[in-house]
Amino acid sequence: MQLALEGNYPGVDYGTHGLSTQKAFEEAICKLENGHRTYAFPSGINAITSTLMAFTQSGDEVLVCDNVYGPTSRFCHKILSKYNVKTTHIPSDIGSKIRSYITKETRLIFLESPGSNTFEIQDIVEVVKAAKKAGIMTIIDSTWATPLYLKPLDLGADIAIQSVTKYICGHADMLMGCATVNKQYADEFADYFKTVENYTNPQDCYVALRGLRTLKVRLEAHESSANEVARWLDEQDIVDCVIHPGLESHPQHALWKRDFSGSSGLFSFTFKEAYSADQIALFINSLEMFALGFSWGGYKSLLTARPYKRDGQWVHDGKHVIRLSIGLEDTTDLIEDLKQGFSYLS
């Protein structure tokens, strides 16, 4: 009892502090991330919002990369702002120039590299260098690469966030997130976690643990198929730009090669012609292999299509960005499906 009251009991002391399956999952992710402590959350966005709440207070400023997950940005502007926390957007390809954005009120920098819709990559090493010099923390959503292909904490980041819903689960049948913290901020995060008593469904934790067993082989398959489809798209006359960090044409390809050990199955492309919304809908509705879906990382290939705007300059502003999540289907079938879909735009 005394150990539990002191917060030092290693087992299960109270249900909302996490049951044994949750603790097993957290330990597994922590090892993959080379972190000090991992916390599981009911969803990816819950992991993000909880982390932001844990480390901010009234009067703080957070620097948020312009390409972050939409709900992350909305939470900052709609919820954190209510508690007098200011949000400033920084360029999606930020590097050493981060120094010019840091003020005495800046509490943390939130990155997403690459962004899960437009795939810009930040220079994590340079951002971390500037952050540490200023005494502020760096948080990164690294769901795209998973802990297998990117180790943010090894690069100096303080917290790495994963949407477990995506590749770690791998079967699109649960919602979950996690955040892994380094030793410097572990106690502060632990205090927040225990205070809010945020816990995760043990069945979801079991499914996530099961997903970890096949993550490597699945991710390699997603990577290989996505590379094949991306390179095919790059050769099509109808396509203007394929936005894939693994392609040599990507603006931050050199950074991807330096920091990442692989790529996943998620990327985007744009058309040369400015098609109407009705034309884009015709193309999408003709597809048989790609379902519409905002999520990604599962066995099924998915697609979204929309124009993206950025706080700053955005080279594809006004264009429909077609985002593909390449699943585990045969690439021949996927390419044939896209090919017949393109015929509706010819």
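Use the structure listed above.
Residues numbered from 1 in each chain as written. Predicted model: local features only at pLDDT ≥ 70, side-chain atom pairs only at ≥ 80, totals over all residues. Heavy atoms only, no water.

Draft legend 1. Local environment of the overall build of the chain. The secondary structure content of the chain amounts to eleven helices and twelve strands. Here the C-alpha radius of gyration of the chain, 20 Å, is about what a compact globule of 346 residues would show, namely 20 Å. Taking all 346 residues of the chain together, the buried fraction comes to 57%. The long-range share in the chain, meaning contacts at least 24 apart out of those at least 6 apart in sequence, stands at 73%. Here the chain has roughly 15300 Å² of accessible surface; of this, 51% comes from carbon and sulfur atoms. Of the charged side chains in the chain, 33 are positive and 42 negative; the average position of the first set lies 4 Å away from that of the second. (Helix = DSSP H or I, 4+ residues; strand = E, 2+ residues; numbered from the N terminus. Rg over C-alpha atoms; globule rule 2.2 N^0.38 Å. Buried < 20%, exposed > 50% of the residue type's maximum accessible area, 1.4 Å probe, protein only. Contact = heavy atoms within 4.5 Å. Areas by Shrake-Rupley, 256 points an atom, 1.4 Å probe, with all protein chains shown as cover. Lys, Arg positive; Asp, Glu negative; His and termini not counted. Charge placed at Lys NZ, Arg CZ, Asp CG, Glu CD.)

Draft legend 2. Quick look at the packing of aromatic side chains. For the coordinates displayed, the defined rule picks out 15 aromatic pairs. Consider the rings of Trp144 and Phe260, whose centres lie 6.0 Å apart with planes at 80°: the pair is edge-to-face. Linking Trp144 in the loop between β5 (137-141) and α6 (146-149) with Phe260 in the loop between α9 (253-259) and β9 (266-271), this pair joins segments that are 116 residues apart in sequence. For Trp144, a relative accessible area of 2% gives the class buried. (Phe/Tyr/Trp six-rings, centres within 6.5 Å; stacked < 30°, edge-to-face > 60°.)

Draft legend 3. The arrangement of the sheet that holds strand β3 (residues 86-90) in detail. Judged by pairing direction, the sheet is mixed, and its seven strands sit side by side in the order β1-β7-β6-β5-β4-β2-β3 without closing on themselves. Taken across any chain shown, the strands that pair with only one partner, and hence form the sheet edges, are β1 (37-41) and β3. Adjacent strand axes in the sheet meet at a mean angle of 20° when their direction is disregarded. Judged from the four bridges that link them, strand β6 (residues 159-162) and strand β7 (residues 177-181) form a sheet pairing that is antiparallel. (Pairing = 2+ DSSP bridges. Axes fitted to C-alpha atoms, helices over the stretch in contact; angles between N-to-C directions.)

Draft legend 4. Layout of the packing of helix α3 (residues 44-54) against helix α4 (residues 70-78). It is the contact of α3 with α4, at a shortest axis distance of 10 Å, that shows an interaxial angle of 35°. The hand of the α3/α4 crossing is right-handed. In this structure, α3 uses Ile45, Ile48, Thr49, Leu52 and Met53 to contact α4, whose residues at the interface are Pro71, Thr72, Phe75 and Cys76. The class makeup of the residues in the contact of α3 with α4 is seven nonpolar, two polar and no charged. (Left-handed = near helix turned anticlockwise from the far one by under 90°. Nonpolar A, V, L, I, M, F, W, Y, C, P; charged D, E, K, R; others polar.)

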